[in-house]
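Listed below are the residues making up each chain.
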Amino acid sequence: MSSAAVSPAARLRGLRPDWLNNPKIWRTEVLAGLVVALALIPEAISFSIIAGVDPAIGLFASFTMAVTISVVGGRRAMISAATGAVALVIAPLNREHGFGYLVAAVILAGVFQVVLGAVGVAKLMRFVPRSVMVGFVNALAILIFMAQVPEMHDVPWAVYPLIVGGLALMVFFPKVTKVIPAPLVSIVILTVITVAAGISVPTVGDKGALPSSLPTPGLPDVPFTLDTVTTIAPYALAMALVGLMESLMTAKLVDDITDTRSNKTRESIGQGIANIVTGFFGGMGGCAMIGQTMINVRVSGARTRLSTFLAGAFLMVLCIVFGPVVSDIPMAALVAVMVMVSFATFDWHSIAPKTLKRMPAGEITVMALTVAVVVATHNLAIGVVVGTITAMVIFAKRVAHLAEVTTVVDPDGSTVVYRVTGELFFASSNDLVTQFNYATDPGKVVIDLSDTHIWDASSVAALDAIENKYAQRGKEVEIIGLNRPSAQIHQKLSGELTGSH
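Residues numbered from 1 in each chain as written. Predicted model: local features only at pLDDT ≥ 70, side-chain atom pairs only at ≥ 80, totals over all residues. Heavy atoms only, no water.

Student: What is the right way to look at the pairing of strand β6 (residues 476–480) in this model?
Tutor: Two faces make up the sheet, and in a regular strand the side chains alternate between them. Judged from the 5 bridges that link them, strand β5 (residues 444–454) and β6 form a sheet pairing that is parallel. Bridge pairing in β6 links Lys444 to Glu476. Handedness of the crossover joining β5 and β6 through helix α20 (residues 457–471) is recorded here as right-handed. (Pairing = 2+ DSSP bridges. Helix = DSSP H or I, 4+ residues; strand = E, 2+ residues; numbered from the N terminus. Right-handed = clockwise from strand over helix to strand, strands pointing away.)

See below:
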């Protein structure tokens, strides 16, 4: 069929998003957005308390972050909102200087994220090893569960059967039908039971008052001076880095779950734009929310930007229009949802005895260390950095032992040939100097580097040291077999690193 024969209506359908052409996708995305919005309310309020601001500030931030990132973000179906990591970073600024400085820091953090995204910071994600990623996911699952423990401590006995009932509904309801997300069914049924039976248990309303109107844009209430910038800049940079790391790690996790690729650079810049918008609307800023994203993608099956947009839109509708109803939702229902999310998020295969038996000890160490640091600090970014650095050290140590030197002496005894195999860099080249027989070798020494590669100045310095040791004994050294990049770095740096020519 030629392109000329395609009707305008068919052409328009091809340009529209998938959810407009497929009612099943549309229904999945709408219901997923509703479930996420319900789960966002108590979390946003909790993060507001951590940051030391009014609960409405966290809810406004979640609304503007989700709606904005649904348009400008690079990872479909990922949820961005107010987060605990960001709240922890900016809480001291709010405490010491006031809310105006917090808002200004959010805007500046957004600017930093746009700049970092534009210069390609997202490309650094390729250096995060799989063992760190697995540790990140498992630590996240543990943190999600740990965050629910306070909601199960020192509460009325009725909370426990409600949580068990909610979990049972989410396990067995999908066997009946998957048309309606099981978490939504669980929340509705548990709310109806507690209200109808008059069961007294903690509710969403106990977390704080819900807003009664939409946020309005405005400038932060701070003096626009260099002193203000120097005050907020350290907090803004920390927030930008933590937010980007959590967002990019979450995007990579969603990529793996959905078997799709996302634009990490666009996501980085999008996070910055979302924080700038959030700051101008008086929100506390945020980043990708891993727990809510898991509800949206893994539990509810959402795959498009519509669910992200509706999560933010429904959040405001629920607060402003249905505030009294939402306030009656028992916290037990939301705890059950998050416990299910933590269970589904944990990579159980990674700790199976069969897997651990086959996994190299270094990989297990990196995974365990990442989990331990994240759980100890409650900061996913710190755990990822520590895990990645540890993995690099282990890798460098392993590769350093791969540089080997073998010797071949000519039959007439006038020449010795040393063949070097492996990679030459700072760790391996340190041992290179000790593998030559300077005193007993004949007058002609050939070093064959055909099977190696020179990576850095340390390797060139090591080769210079070898030549100098032979020269001191009146012996000639010839280096052969350099590939083009190795020859270029050797020619550029040889004789220039010690100060003696």
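Student: What is the right way to read the pattern of salt bridges from this model?
Tutor: Pairs can form between side chains of opposite charge once their charged atoms are near each other. Taken as a whole, this structure holds 7 salt bridges when the rule is applied. Across the pair Asp448 and Arg419 runs a salt bridge whose closest N-O atoms are separated by 3.3 Å. Here Asp448 is found in strand β5, whereas its partner Arg419 is found in strand β4 (residues 415–424), with 29 residues between them in sequence. Taking relative accessible area as the criterion, Arg419 reaches 37% and is therefore assigned partly exposed. With a closest N to O distance of 3.1 Å, Lys444 and Glu478 form a salt bridge. Separated by 34 residues along the polypeptide, Lys444 in strand β5 and Glu478 in strand β6 bring together distant segments of the chain. We classify Lys444 as partly exposed; its relative accessible area is 22%. Taken together, the salt bridges that share partners define one network made up of Arg75, Asp255 and Lys264. (Salt bridge = Lys/Arg side-chain N within 4 Å of Asp/Glu carboxyl O. Buried < 20%, exposed > 50% of the residue type's maximum accessible area, 1.4 Å probe, protein only.)

Student: Honestly, the pairing of β5 in this entry has me stumped. Any pointers?
Tutor: Where burial is concerned, most of β5 is hidden: 8 out of the 11 residues are buried. Sheet topology note: the β4/β5 ladder contains 9 bridges and is parallel. By the bridge assignment for β5, Tyr418 is matched with Ile447. Each parallel crossover has a hand, and for β4 linked through helix α19 (residues 426–432) to β5 it is right-handed.

Student: What's the story with helix α7 (residues 130–148) in this structure? I'm lost.
Tutor: Given 3.6 residues to a turn, an α-helix orients residues that are three or four positions apart in the same direction. With 19 residues, α7 should cover 27 Å at 1.5 Å per step; its first-to-last C-alpha distance of 28 Å lies within 8% of that length. Among the 19 residues of α7, 14 are classified as buried, and the element is accordingly described as predominantly covered. (Expected span 1.5 Å × (residues − 1).)

Student: How do you make sense of the sheet that holds strand β3 (residues 404–409) when you look at a structure like this?
Tutor: Pairing between the strands of a sheet is mediated by backbone hydrogen bonds and can be parallel or antiparallel. Reading across the sheet, the 4 strands line up as β3-β4-β5-β6 and stay open at both edges, with mixed pairing between neighbours. If you trace the sheet from one side to the other, it starts and ends with β3 and β6, each paired once. The mean inter-strand angle of the sheet, taken between neighbouring strand axes irrespective of direction, is 20°. Each of β4, β5 and β6 touches α20; the most contacted strand, β5, lies at about 175° to it. Those strands touched by helix α21 (residues 484–493) are β5 and β6, and its axis lies near 120° from that of β5. (Axes fitted to C-alpha atoms, helices over the stretch in contact; angles between N-to-C directions. Contact = heavy atoms within 4.5 Å.)

Student: Help me understand the side chain of Ser300, please; the structure alone is not making it clear to me.
Tutor: Looking at the element boundaries, Ser300 is found in the loop between α12 (290–299) and α13 (305–320). With residues near it in sequence (within four places) discarded, Ser300 still touches Thr28, Ala32, Val35, Pro181 and Ile295.

Student: Whenever I open this one, the nonpolar core confuses me. Can you help?
Tutor: Soluble globular proteins: nonpolar side chains tend toward being buried together. Ranked by internal contacts, the top residues of the largest apolar core, which has 108 residues, are Ile41, Leu59, Phe136, Met284, Ile295 and Leu315. It is helix α3 (residues 23–51) that contributes the most residues to this core, 12 residues altogether. Among all residues touching Ile41, those that are not within four sequence positions of it are Leu59, Val204, Leu210, Leu315, Leu318, Cys319 and Val326. In terms of nonpolar packing, the next biggest core, distinct from the first, is built from 21 residues, Val405, Leu424, Ile454 and Val460 among them. (Core = buried A, V, L, I, M, F, W, Y, C linked by side-chain atoms within 4.5 Å.)

Student: Sorry, what's going on with the environment of Asp431 here?
Tutor: Examined against the element boundaries, Asp431 turns out to sit in helix α19. What makes Asp431 partly exposed here is its relative accessible area of 41%. The sequence separation of Asp431 and Val326 amounts to 105 residues, and the corresponding C-alpha distance is 67 Å.

Student: How should the side chain of Glu29 be read in this particular structure?
Tutor: Mapped onto the elements of the fold, Glu29 is located in helix α3. Of the side chains with opposite charge, Arg303 comes closest to the buried, unpaired Glu29, at an N-O distance of 6.8 Å. If sequence neighbours within four positions are ignored, Glu29 has contacts with Gly301, Ala302, Arg303, Thr304, Leu306, Ser307 and Leu310. (Lys, Arg positive; Asp, Glu negative; His and termini not counted.)

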